[in-house]
Amino acid sequence: MMEIRIDESKAGRMIAQILRDDFKLMPDEANKAAQAICTRLIAAMGTPTHQPFQGMRLIRSIPPHGSGFTEAVGLKLADVDDRVARELWRLVYDRATDLPPGVADAVRWL
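Below: a short report on this structure. What you see as residue numbers is a count from 1 along each chain, following the sequence as written. Local features are withheld for residues below a pLDDT of 70 in this predicted model, meaning they are given only at 70 or higher, and side-chain atom pairs are given and counted only at 80 or more; totals for whole chains, interfaces and linings count all residues. Hydrogens are left out, water is left out, and the side-chain values use all remaining heavy atoms of the structure.

### Regarding the overall build of the protein
Okay, step 1: Along its length, the protein carries 4 helices and 0 strands.
Okay, step 2: Each helix and strand of the protein, ordered N terminal to C terminal, gives the series α-α-α-α.
Okay, step 3: Considering the protein as a whole, with its 110 residues, one finds that 19% of them fall into the buried category. The helix and strand labels rest on DSSP assignments: H or I over at least four residues marks a helix, E over at least two residues marks a strand, and numbering proceeds from the N terminus. Throughout, exposure labels follow a simple rule: accessible area from a 1.4 Å probe, protein chains only, divided by the maximum for the residue type, with under 20% read as buried, over 50% as exposed, and the rest as partly exposed.

As structure tokens, then:
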């Protein structure tokens, strides 16, 4: 199937023109309908991938700063020190899955 690529504003103008000419809609109605069609078309488009975010993870490679993580682990296990907490965090980090391509596109924290 052939892919159509066109600027949103140009598509809106073309759709509005068709609605006015072929379906005899008033200009305001045609513009509103064209905008609604463009909004739905954009919503139906696939999310593009963003190469720099591929391979990123939602957690850092080191445990959170401070003793909060060590204390939380300490409540579950006896004799946990900072070294053990770091090793446990490394286990969590190593087994975390990478973000799928395109997921981070919507997130603008970086």
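That covers the picture; the talk isn't over yet.
### Things to note about the nonpolar core
For soluble globular proteins, the rule of thumb is that nonpolar side chains tend to be buried together.
Okay, step 1: Within this scheme, the nonpolar core is defined by two criteria: the residues are buried Ala, Val, Leu, Ile, Met, Phe, Trp, Tyr or Cys, and they are joined through side-chain atoms within 4.5 Å. Formed by Ala11, Ile15, Ala16, Leu19, Ala30, Ala34 and Cys38, the largest nonpolar core amounts to 7 residues.
Okay, step 2: Sorting the residues of this core by element identifies helix 1 (8–23) and helix 2 (27–44) as the ones contributing at least two each.
Okay, step 3: Of the residues forming this core, the biggest block, 4 residues, is contributed by helix 1.
Okay, step 4: It only takes one pair of heavy atoms within 4.5 Å for two residues to be counted as in contact. Ignoring any residue separated from it by four or fewer positions in sequence, one finds Leu19 in contact with Lys24, Leu25, Ala30, Ala33 and Ala34.

### A few points about the environment of Gln17
Okay, step 1: Tracing the backbone through its elements, the reader meets Gln17 in helix 1.
Okay, step 2: Note on Gln17: relative accessible area 35%, which makes it partly exposed.
Okay, step 3: Distance in space between the C-alpha atoms of Gln17 and Ala30 is 7.5 Å, their sequence separation being 13 residues.

### A look at the pattern of salt bridges
Okay, step 1: What counts as a salt bridge is simple: a side-chain nitrogen of Lys or Arg found within 4 Å of a carboxyl oxygen of Asp or Glu. Applying the stated rule across the entire model yields 3 salt bridges.
Okay, step 2: Put simply, Arg90 and Asp94 hold a salt bridge, and the shortest N to O gap is 3.4 Å. Separated by 4 residues within a single helix, Arg90 and Asp94 lie in helix 4 (residues 82–95), roughly one turn from each other.
Okay, step 3: Overall, Arg90 belongs to the partly exposed group, its relative accessible area being 35%.

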